[in-house]
Structure formats: C-alpha cells, structure tokens
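Spelled out, the chains give:
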Amino acid sequence: MTNVKEARDILVLGGTGKTGRRVAERLLARGMPTRVGSRSGRPPFDWEDRSTWAPALHGVRSAYVSYHPDLAVPGAVESVGSFAELAVESGVRRLVLLAGRGEPEAEAAEDAVRASGAELTIVRSTWFAQNFSEDYWREAVLSGEVALPAGDVPEPFVDADDIADVAVAALTDDRHIGELYELTGPRLLTFADAVDEIARAARREIRYVPVSIEDFAAAAAAQGAPREVVDLLTRLFGEVLDGRNAHLADGVQRALGREPRDFSDYARDAAAGGVWDPGATRAARGP
Ligand SMILES: NC(=O)c1ccc[n+]([C@@H]2O[C@H](COP(=O)([O-])OP(=O)(O)OC[C@H]3O[C@@H](n4cnc5c(N)ncnc54)[C@H](OP(=O)(O)O)[C@@H]3O)[C@@H](O)[C@H]2O)c1
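Residues numbered from 1 in each chain as written. Predicted model: local features only at pLDDT ≥ 70, side-chain atom pairs only at ≥ 80, totals over all residues. Heavy atoms only, no water.

## A word on the site of the ligand
Consideration 1: Residues in close proximity to the ligand total 27 residues, the closest being Thr16, Ser38, Arg39, Ser40 and Tyr67.
Consideration 2: One of the backbone nitrogen or oxygen atoms of Gly14 is found 3.3 Å away from an oxygen atom of the ligand.
Consideration 3: The separation between an oxygen atom of the ligand and a polar main-chain atom of Gly17 is 3.0 Å.
Consideration 4: Protein contacts shield 89% of the accessible area of the ligand, which totals 890 Å² for the unbound molecule.
Consideration 5: Looking at the shell around the ligand, the element that brings in the most residues is strand 4 (residues 94–100), giving three residues. (Near = heavy atom within 4 Å. Polar contact = N/O pair within 3.5 Å; in protein donor to acceptor, adjacent residues only side chain to side chain. Areas by Shrake-Rupley, 256 points an atom, 1.4 Å probe, with all protein chains shown as cover. Helix = DSSP H or I, 4+ residues; strand = E, 2+ residues; numbered from the N terminus.)

This is the structure in structure tokens:
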C-alpha cells in the first residue's frame, strides 16, 4: 500500500499511443512527474499480465486509463474494473478514463471504473482523426484507396490533440471531477468527405470505396490481420457506424472553453508532417 501523501506521479496508460503520447507530452511540458504505462514503459505495464500492474501504480496519484486494444473486446470491462480497484487500493485518487462513444461495452467499463470510488472523469470519444495517419487506415491512405464498411454515415471525427487537452485538464484541475465529456470534432463528415480532405491536403489521388462488412473482413484477413483484430474492427464498424454517433457533442467546449479542432486543420498539419508522402514509412508520425 502506497502512502497517499507520497504519491506524486501521473501514470499515462497507452502513453506511447495516439492519445496517451499526447497526454504524456503535455504533462512533461508542464514539468509534472509523468510515467508512461505500456509494455515499453519503466516499469512495464501490460494489460495481459496483472503482475505488472502494482509496480506500475507504485507512487502514482492520478492515472489516464486508455485500454488496449479496445473496451469492446471480451474481458476488457473486468480488466479495467480490476485495474481501477487496485489503483485506488494503491493510493491513486484520480482516474481519467478514455471510453468510446456509442459503445455499450465501453459504458459497462465506465461503470466498472466508477465503482472503484476514485475521483473520475470520463472522456467518451468518437473516432479519432488520427486513425488516418497513425494507425489502422494510414496504409490504405498511402495505397490511394481507403476501402471501409462505413457507407455514407457521417462521423464527427475528433482530433487526438483535443482528447489530450481534455485529459490533461481532467488530470490536473479539480473542476473536472465527476464530469462525463462526450468529445467530437466540430463537423460531421462522411468517410468520403474525410478522404477527400486528406487527398487535397496531401495533394494525392486517394479515394474512399465503401465495401460490405463481409468483404472488409475477408480483405483484412487476406492481408494477414490477426483474427481478433478483424473481429474487433468488423464489430466496431457494424455497431458504431449505424448513425448513432452522427451528431455533434460539446465535450471539448465544456471542458476547455474553446471549439474543437476542425478535420481540415488536422489534415493540413498531418500532410505537412509528411505522414502521407509517397514512400513515407510506417515509423513516420503525424503531428
Ligand atoms: N481509435 C479510435 O478512433 C478510438 C475512438 C474512441 C475510443 N478509443 C479507445 O481508445 C483506446 C486506445 O485505442 P487506440 O486505438 O488509440 O490505441 P493506442 O493508444 O494508439 O494504442 C497503442 C498504445 O497501447 C499500448 N499497448 C499495446 N498493447 C498493450 C498491452 N498489452 N498492455 C498495455 N499497453 C499496451 C502501446 O504501447 P506498447 O506497445 O509500448 O505496449 C501504445 O502505448 C481504446 O480503449 C479504444 O477503445 C479509440
């Protein structure tokens, strides 16, 4: 058991990922004692290995909880609930949970974390703009064709920089305790709109091709995606892109008192960073 008075570090789970990296950078820039929680962290933290949890929590007062791979996978709700319980037992007072908008399993995870009794802020996010530049869909953008089972449902893509700003505010300012912030960008875009904006920003020909969930799953499997990744993506596309998230929310405005970043600003900056340049490598990072 850690003495709460001694606990000072802020643990950032997923601290090398799309949101966690940005959260950790912001905390470090403010000079706050920050610890990356991931398999490559020191000490390492692995959701799959509970023996790593207590060492990662030692001396920690607050934590940003970004689960990997997704709160929709089997066992995730139990894992984040157990982690939150252990965190509070270890002396952690405040948790900021990254959850997914319109996902029933993510809401169950919110409840499980709330049951820990920690000071809690929930950041319930829609699809990240950075999925096009730092993850799932970057290879497709580079290939010139983004084939996804997303039809023409509009989505209010949110910028990971906004998520990080909200998370850092929640980790460092008591005013956010107990809040649930639904985060979206300022504009609804279909996937075709989003890909068009990226094509313009990157000055390349890139097209969006709507495909069926079955064709998407078959193509992903043929490209060697592991079974669980294919299952997760097909489930997310089937569930979350049925129109339930096709409306804007005001979480960024409520938490930060400013408008969220627009997708076109994201696309311009990501293109300027070279992530979609011909010949760009997997290691290249968006802004
Ligand atoms: N992507 C979206 O559009 C979106 C939208 C809404 C909500 N979310 C939620 O955001 C969360 C993160 O998703 P993401 O797509 O943004 O991923 P991400 O944070 O970019 O994932 C990578 C991070 O996870 C760490 N990681 C990977 N395997 C791990 C393990 N077994 N144990 C501990 N850490 C591990 C990686 O570090 P190491 O490799 O060093 O371990 C890295 O820091 C998910 O819970 C998801 O539900 C995502």
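After that view of the structure, there is still more to cover.
## Focus on the sheet that holds strand 2 (residues 34–37)
Consideration 1: Taken in spatial order, the six strands line up as 2-1-3-4-5-7 in an open sheet, and their pairing is parallel. The sheet terminates laterally at strand 2 and strand 7 (180–183), the two strands that pair on one side only. Each strand axis lies, on average, 15° off the axis of its neighbour in the sheet, ignoring direction.
Consideration 2: Each of strand 1 (9–13), strand 3 (60–65), strand 4, strand 5 (119–125) and strand 7 touches helix 6 (residues 160–172); the most contacted strand, strand 4, lies at about 155° to it. (Pairing = 2+ DSSP bridges. Axes fitted to C-alpha atoms, helices over the stretch in contact; angles between N-to-C directions. Contact = heavy atoms within 4.5 Å.)

## Some points on the pairing of strand 2
Note on strand geometry: in a regular strand, side chains alternate between the two faces of the sheet.
Consideration 1: Because side chains alternate across strand 2, one face comprises the buried residues Arg35 and Gly37, and the other comprises Thr34 and Val36, none of which is buried.
Consideration 2: For strand 1 and strand 2, the ladder comprises four bridges, and the chain directions are parallel. Following the sheet pairing, Val12 is matched in strand 2 by Val36.
Consideration 3: With helix 1 (residues 20–29) bridging strand 1 and the parallel strand 2, this β-α-β connection has right-handed handedness. (Buried < 20%, exposed > 50% of the residue type's maximum accessible area, 1.4 Å probe, protein only. Right-handed = clockwise from strand over helix to strand, strands pointing away.)

## As for the packing of helix 3 (residues 76–89) against helix 4 (residues 104–114)
Consideration 1: Interhelical geometry of helix 3 versus helix 4 gives an angle of 20° and a closest axis separation of 8 Å. Taken together, helix 3 and helix 4 sit at an angle that is classed as roughly parallel. Seen along the crossing, helix 3 lies across helix 4 with a hand that is right-handed. Packed against helix 3, whose contacting residues are Val77, Val80, Gly81 and Ala84, the element helix 4 presents Glu105, Ala108, Ala109, Ala112 and Val113 at the interface.
Consideration 2: Residues belonging to the contact of helix 3 with helix 4 are distributed by class as follows: seven nonpolar, one polar and one charged. (Parallel < 35°, antiparallel > 145°, perpendicular 65-115°, else oblique. Left-handed = near helix turned anticlockwise from the far one by under 90°. Nonpolar A, V, L, I, M, F, W, Y, C, P; charged D, E, K, R; others polar.)

## Topic: the nonpolar core
Consideration 1: Ranked by internal contacts, the top residues of the largest apolar core, which has 62 residues, are Phe83, Leu95, Phe132, Phe157, Phe191, Phe263 and Trp276.
Consideration 2: Among the elements that line this core, the one with the most residues is helix 7 (residues 191–202), at six residues. (Core = buried A, V, L, I, M, F, W, Y, C linked by side-chain atoms within 4.5 Å.)

## Quick notes on the pattern of salt bridges
Consideration 1: Counted according to the given criterion, the structure contains 33 salt bridges.
Consideration 2: A salt bridge links Arg101 to Glu182, with the shortest nitrogen-to-oxygen separation between them at 2.7 Å. You can see Arg101 sitting in the loop between strand 4 and helix 4 and its partner Glu182 sitting in strand 7, a full 81 residues away along the chain.
Consideration 3: Note that Asp250 and Arg254 form a salt bridge whose closest N and O atoms lie 3.5 Å from each other. (Salt bridge = Lys/Arg side-chain N within 4 Å of Asp/Glu carboxyl O.)

## As for the packing of aromatic side chains
Consideration 1: In this structure the tally under the stated criterion is 22 aromatic pairs.
Consideration 2: Plain terms: the ring middles of Trp127 and Trp137 are 5.3 Å apart, the flat faces sit at 40° to each other, and that makes the pair tilted. Pair noted here: Trp127 is in the loop between strand 5 and helix 5 (138–143) and Trp137 is in the loop between strand 5 and helix 5, with a separation of 10 residues, a long-range link.
Consideration 3: By relative accessible area, Trp127 is classed as buried at 10%.
Consideration 4: Ring plane angle 35° and centroid distance 6.2 Å describe the contact between Phe191 and Tyr208, whose orientation is recorded as tilted. (Phe/Tyr/Trp six-rings, centres within 6.5 Å; stacked < 30°, edge-to-face > 60°.)

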